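The lines below spell out each chain.
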Amino acid sequence: MKITINDQILEANESESILNIARANGIYIPALCYLSGCSPTLACRLCMVEANGKVVYSCNAKAKEDMQIYTNTPEIAAERNAIMQTYCVNHPLQCGVCDKSGECELQNLTTHLNVNEQSFAITDTHKPHKKWGLINYDPALCVVCERCVTVCKDKIGESALKTVPRGVEVPKELKESMPKDAYAVFSKMQKSLIGPSAGENLDCSFCGECISVCPVGALVSSNFQYSSNIWELSRVPAANPHQSDCELIFYDVKERSTSDRSKQIYRVSNDFHFGEISGAARFAYDFHNENARKNEAKFNELISNFKNGNIKNIKFNSFITNEEALILERLREKFDLNLLNDEAFKFQNFLNIFSEFSGLSSYNADYESLKNSDFIISAGSFLRHESPVTSYKLNNALKMNKASGIYFHHIADEVVKKFSKNFACVSYEAGKLEQILLFVLKNWGENLPAALQARLEKFDESFGLEVATLSEGKAKFTLILGSDFYAHENANLLAALAGVIARATPFRVMLIPPRTNSLGVAKICTLLREKKPGKTLGYNEMGEFKFSIFEGDLDAGALNQQEGTFTSINNEVVPTNAALAHNGYFLNDIANALGLAAKNTIDYTAQLPKEKGYNGVKFDDLENFYANDGTSHRGYKLEISNFTPKEDIEPLFKEQNELNLKEDEALISLANPINLPSFFANYATQTAKRAKLYASSEFMAKFEISQNEAVILEKNGRKLAICVELDSELGGVAAYLGDYDEKLDVSAIFEGKSFASVKIIKAENE
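Residues numbered from 1 in each chain as written. Predicted model: local features only at pLDDT ≥ 70, side-chain atom pairs only at ≥ 80, totals over all residues. Heavy atoms only, no water.

1. Comments concerning helix H20 (residues 491–504)
Each α-helix winds once per 3.6 residues, and so residues spaced three or four apart point in a common direction.
Here is step 1: In a regular helix each residue adds 1.5 Å, so 14 residues correspond to 20 Å; H20 covers 20 Å between its end C-alpha atoms and thus fits that length.
Here is step 2: Burial within H20 is extensive, with 12 of its 14 residues counted as buried.
Here is step 3: Burial in H20 covers these residues: Ala491, Leu493, Leu494, Ala495, Ala496, Leu497, Ala498, Gly499, Val500, Ile501, Ala502 and Ala504.
Here is step 4: Packed against the buried residues of H20 are helix H11 (342–358), helix H16 (434–444), helix H17 (450–457), strand E20 (477–481), helix H19 (483–486) and strand E21 (507–511). (Helix = DSSP H or I, 4+ residues; strand = E, 2+ residues; numbered from the N terminus. Expected span 1.5 Å × (residues − 1). Buried < 20%, exposed > 50% of the residue type's maximum accessible area, 1.4 Å probe, protein only. Contact = heavy atoms within 4.5 Å.)

This is how it looks when you write it as structure tokens:
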């Protein structure tokens, strides 16, 4: 339909808000409380406009055919001016030291709306500061816009904040002197503050999105507070180095001091309207080696070992750029090496078989399709831990699209249970993933291979769900599959079933890459599971020769010190830039010494393999931003090709092993705490933790374990000592152990799987 804003004729969609239409077309309407992609709160009322002669709030008002809208009449300007005056009543005049000064929306709007006098006054009240761990709250600066409450509910899904009574009564005589909307805003602000939803302390995952959306300096990172003025910082656009969402971030950097001109990261920020980020992305930014140095003797020794044929393997992980993956592949070809990367190998294998049976060169769901979905199934992923941003997008679809769906995982997550009453949470026996995919095919599959159809006719697992009720009237379906699938003993069958789902059901399928650039590594590198006889170069992994950020023979550069690209969960090739200098070596230095000539690592960006969907775009030509309407201008999408899929899935079916837990055994899952996705995050100042076994209250009660008590995990005669910590968000008898602490080798416990049955022994009994 067409509407007119300020005499400009615009295209609009039914049910779009006036504010979002204006923003998408570059028309400015002030708003202090509204967040794109969230429900409107009408807390500030600044977005009022005149629509067909009537004043409405543009964040909440939907456009109608031929609507005539004016955004700034004299009457509206006067009302907005009065509202801004009320926000300035008793607001502390500390702009010189306020952490938000220079990017404060209250500052901007006070100037923009011509507030140059104060007509209202009220006695001030004492509002003590709150310290909530990684986040500090100054209620004196708070304007109770409710952005923090809204983002935590509608995007993050934790609902950890709410408005709480301030205990102030607004004098009734002010009602006579204030315009109506100004009085409503002022009265609400004086009566309320922000507080935790439960108790005095903030109980949440500390993603820090509330910090980002706060328009003033009320919510701030405790580490950043009073450390720098905003205008001193330079913004370096990059991508999340810790997880495969690879979301847009900005490293905010400046020189350390007048005597030390080296750069330091002071904080990480984001475009909160369109790109939420995890706590790891926000807080785990200083994981580089500040003491890195060049060691010419060791460098020459490594090069000689390559040239003499002593190096036969390179073991690495997927916390690398696409360009580095291509360098490793070129080294493999030139020196006949084996490239070893266990998690990427499993993901590559799963993706390849998925492609064979789907007829697609990659999976076909992304965050945009997930955001627009109205029926979503997530399976095999401890989602908030494995891929927090994916959980944000899923929760947002449940809240804003009134979507429904199912969450399958063998660990019950009490937070996910609260996402929506229409989101069923199903706990199943660990490893029973085949049944989930057969359940999807049974209920939504069409034109299936005859043998598979015959098998489904005998399949009667319903998980106790009323599928027709959950999916009635739904049209846009997404299936999210996580890392439990890739490590499964029958991953080949699961990948094939997922491929059939992608082509024979209404579901778009998303596979969560387990590490930052697992998808890029899987696309670019030829990986093998077995190592060759000979020496191994470990790139941030163990080997006879170690090229690593920490404790290596040669000092490597961290991802916050590199230029390059990642291949994100969205099948997007996104750029990341260097925030800090590196005084050691880059992989490209080794490549150059071995005859792969490229001045800079990013010279490989345009050489990424076109047969794998890459476009040959130069690094400096890649964009990295969101437009006002939310459109992503971040790099480019991989080309996803179509071909004739395989049909014969029957040979892949085989008998499943039963778990058969003994009475004194416990099921332990391989999972990392939220905000600690890897050992890189565990080197960062604000997120570092010692390894723990995280357990539910029921688990601790069953095995009679108290908080911080040490236990022994025994598996096939191998023992691992660990302290236990309560995770109150776990339901049932559940526990998980992470691989984020390099000092603790958990591989013997899990043996390449995503879970393990172990004997629990109290340390005092050993």
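Now that the structure has been shown, we can carry on.
2. Some details on the packing of aromatic side chains
Here is step 1: What the rule picks out here adds up to 27 aromatic pairs.
Here is step 2: Judged by centre distance (6.4 Å) and plane angle (50 degrees), the ring pair of Tyr407 and Phe423 falls under tilted. Residue Tyr407 is found in strand E17 (residues 404–408), and its partner Phe423 is found in strand E19 (residues 423–426); the two are separated by 16 residues along the sequence.
Here is step 3: What makes Phe423 buried here is its relative accessible area of 4%.
Here is step 4: Feature note: the residues Phe375, Phe408, Phe439, Trp444, Phe463, Phe477 and Phe507 constitute an aromatic cluster, connected by ring pairs.
Here is step 5: Of note, Lys294 hangs over the ring of Tyr585, and the distance from its end group to the ring centre comes to 5.4 Å.
Here is step 6: Between the NZ or CZ atom of Arg455 and the centre of the ring of Phe653, over which it lies, the distance is 3.8 Å. (Phe/Tyr/Trp six-rings, centres within 6.5 Å; stacked < 30°, edge-to-face > 60°. Lys NZ or Arg CZ within 6 Å of the ring centre and 35° of its normal.)

3. Let's talk about the sheet that holds strand E11 (residues 234–239)
In a beta sheet, neighbouring strands pair by backbone hydrogen bonds and run either parallel or antiparallel.
Here is step 1: Judged by pairing direction, the sheet is antiparallel, and its 3 strands sit side by side in the order E11-E12-E13 without closing on themselves. Looking at strand neighbours, the two that pair on one side only are E11 and strand E13 (263–269), the edges of this open sheet. On average, each strand axis in the sheet is tilted by 35 degrees relative to the strand beside it, whichever way the strands run. (Pairing = 2+ DSSP bridges. Axes fitted to C-alpha atoms, helices over the stretch in contact; angles between N-to-C directions.)

4. Details of the pattern of salt bridges
Between side chains of opposite charge, pairing is possible as soon as their charged atoms come close.
Here is step 1: Following the criterion strictly, the structure yields 36 salt bridges and no others.
Here is step 2: A salt bridge links Asp252 to Arg235; its shortest N-O distance comes to 3.8 Å. Taken together, the residues span a long stretch of sequence, with Asp252 in strand E12 (residues 248–255) and Arg235 in strand E11 at a distance of 17 residues.
Here is step 3: A salt bridge links Glu301 to Lys298; its shortest N-O distance comes to 3.7 Å. (Salt bridge = Lys/Arg side-chain N within 4 Å of Asp/Glu carboxyl O.)

5. Here's the deal with the packing of helix H2 (residues 74–88) against helix H3 (residues 105–112)
Here is step 1: Two elements in contact, H2 and H3, have axes separated by 10 Å at closest approach and are oriented at 140 degrees. Accordingly, the angle class assigned to the pair H2 and H3 is oblique. Here H2 and H3 pass one another in a crossing that is left-handed. Seen from H2, the contacting residues are Met84, Tyr87 and Cys88; seen from H3, they are Leu106, Leu109 and Thr110.
Here is step 2: Across the contact of H2 with H3, the residue classes tally to 5 nonpolar, 1 polar and no charged. (Parallel < 35°, antiparallel > 145°, perpendicular 65-115°, else oblique. Left-handed = near helix turned anticlockwise from the far one by under 90°. Nonpolar A, V, L, I, M, F, W, Y, C, P; charged D, E, K, R; others polar.)

6. Examining the side chain of Arg267
Here is step 1: Relative to the assigned elements, Arg267 resides in strand E13.
Here is step 2: Here Glu103 takes part through its side chain, which lies 3.0 Å from a polar atom of the side chain of Arg267.
Here is step 3: At 2.6 Å, the side chain of Arg267 and the side chain of Asp252 are in polar contact.
Here is step 4: Discounting chain neighbours no more than four positions away, the residues touching Arg267 are Glu103, Phe224, Ile230, Leu233, Phe250, Tyr251, Asp252 and Tyr285. (Polar contact = N/O pair within 3.5 Å; in protein donor to acceptor, adjacent residues only side chain to side chain.)

7. Re the sheet that holds strand E36 (residues 755–762)
Here is step 1: Around the barrel, 6 strands lie side by side as E30-E35-E31-E33-E32-E36; this closed barrel has mixed pairing. Each neighbouring strand pair of the sheet contributes to a mean axis angle of 45 degrees, computed without reference to strand direction.
Here is step 2: Sheet analysis places strand E31 (residues 693–695) next to strand E35 (residues 735–737), joined by 3 bridges and oriented antiparallel. From the neighbouring strand, Ala695 faces E35, where its bridge partner is Ala735.

8. Digging into unusual backbone geometry
Here is step 1: At Asp336, a position not held by glycine, the phi torsion is positive, near 55 degrees.
Here is step 2: Tracing the chain through its elements places Asp336 in the loop between helix H10 (322–335) and strand E15 (338–340).
Here is step 3: Residue Glu751 is not a glycine yet carries a positive backbone phi of 50 degrees.
Here is step 4: Residue placement: Glu751 occurs in the loop between helix H24 (747–750) and E36.
Here is step 5: When its relative accessible area of 47% is taken as the criterion, Glu751 is described as partly exposed.

9. Observations regarding the state of the cysteines
Here is step 1: All chains considered together, the criterion is met by 0 disulfides.
Here is step 2: Not part of a disulfide, Cys525 finds its nearest cysteine sulfur in Cys246, a span of 15 Å.
Here is step 3: Residue classification places Cys525 among the buried positions, given a relative accessible area of 4%. (Disulfide = S-S within 2.5 Å.)

10. Topic: the pairing of strand E23 (residues 545–548)
Here is step 1: Residues Phe545 and Phe547 point to one face of E23 and Lys546 and Ser548 to the other, with burial holding for every one of them.
Here is step 2: Where strand E22 (residues 535–539) and E23 come together, 3 bridges link them in parallel fashion. Looking at the pairing, Gly538 lines up with Lys546 of E23.
Here is step 3: Note that E23 and strand E24 (residues 554–555) share 2 bridges and pair parallel. Pairing of Ser548 across the sheet is with Asp555, part of E24.

11. A few points about the packing of H16 against H20
Here is step 1: Contact geometry of H16 with H20 gives a least axis separation of 10 Å together with a crossing angle of 20 degrees. The angle between the axes of H16 and H20 places the two elements in the roughly parallel class. The two elements H16 and H20 cross, and the hand of that crossing is left-handed. Taking contact as the criterion, the partners of Glu434, Leu437, Leu438, Val440, Leu441 and Trp444 in H16 are, on H20, Leu493, Leu494, Leu497, Ala498, Val500, Ile501 and Ala504.
Here is step 2: Taken together, the residues of the contact of H16 with H20 break down into 12 nonpolar, no polar and 1 charged.

12. So, the environment of Lys432
Here is step 1: Tracing the backbone shows Lys432 in the loop between E19 and H16.
Here is step 2: Classification of Lys432 by relative accessible area gives buried; the value is 15%.
Here is step 3: Between the C-alpha atom of Lys432 and that of Arg384, which follows or precedes it by 48 residues, the distance is 20 Å.
Here is step 4: Beyond its immediate stretch of four places on either side in the chain, Lys432 contacts Gln656 and Glu658.

13. Thoughts on the environment of Asn571
Here is step 1: One can find Asn571 in the loop between strand E25 (564–567) and strand E26 (572–576).
Here is step 2: Between the alpha carbons of Asn571 and Asp366 there is a distance of 7.5 Å; along the sequence they are 205 residues apart.
Here is step 3: If we skip the residues at most four places from it in the chain, Asn571 touches Ser362, Tyr363, Leu519, Tyr636, Lys637, Leu638 and Ile640.
Here is step 4: There is a polar contact of 2.8 Å between the side chain of Asn571 and the side chain of Ser362.

14. Section: the pairing of strand E14 (residues 311–316)
Here is step 1: Two elements, E14 and E22, share 5 bridges in a ladder whose sense is parallel. The residue bridging Ile314 from the neighbouring strand is Leu537, located in E22.
Here is step 2: Looking at chain direction, E14 and E15 are connected through 3 bridges and run parallel. Directly across from Lys315, in E15, lies its bridge partner Leu340.
Here is step 3: Viewed along the sheet, the connection from E14 through H10 into E15 turns out right-handed. (Right-handed = clockwise from strand over helix to strand, strands pointing away.)

Read these as geometric descriptors, not functional statements.
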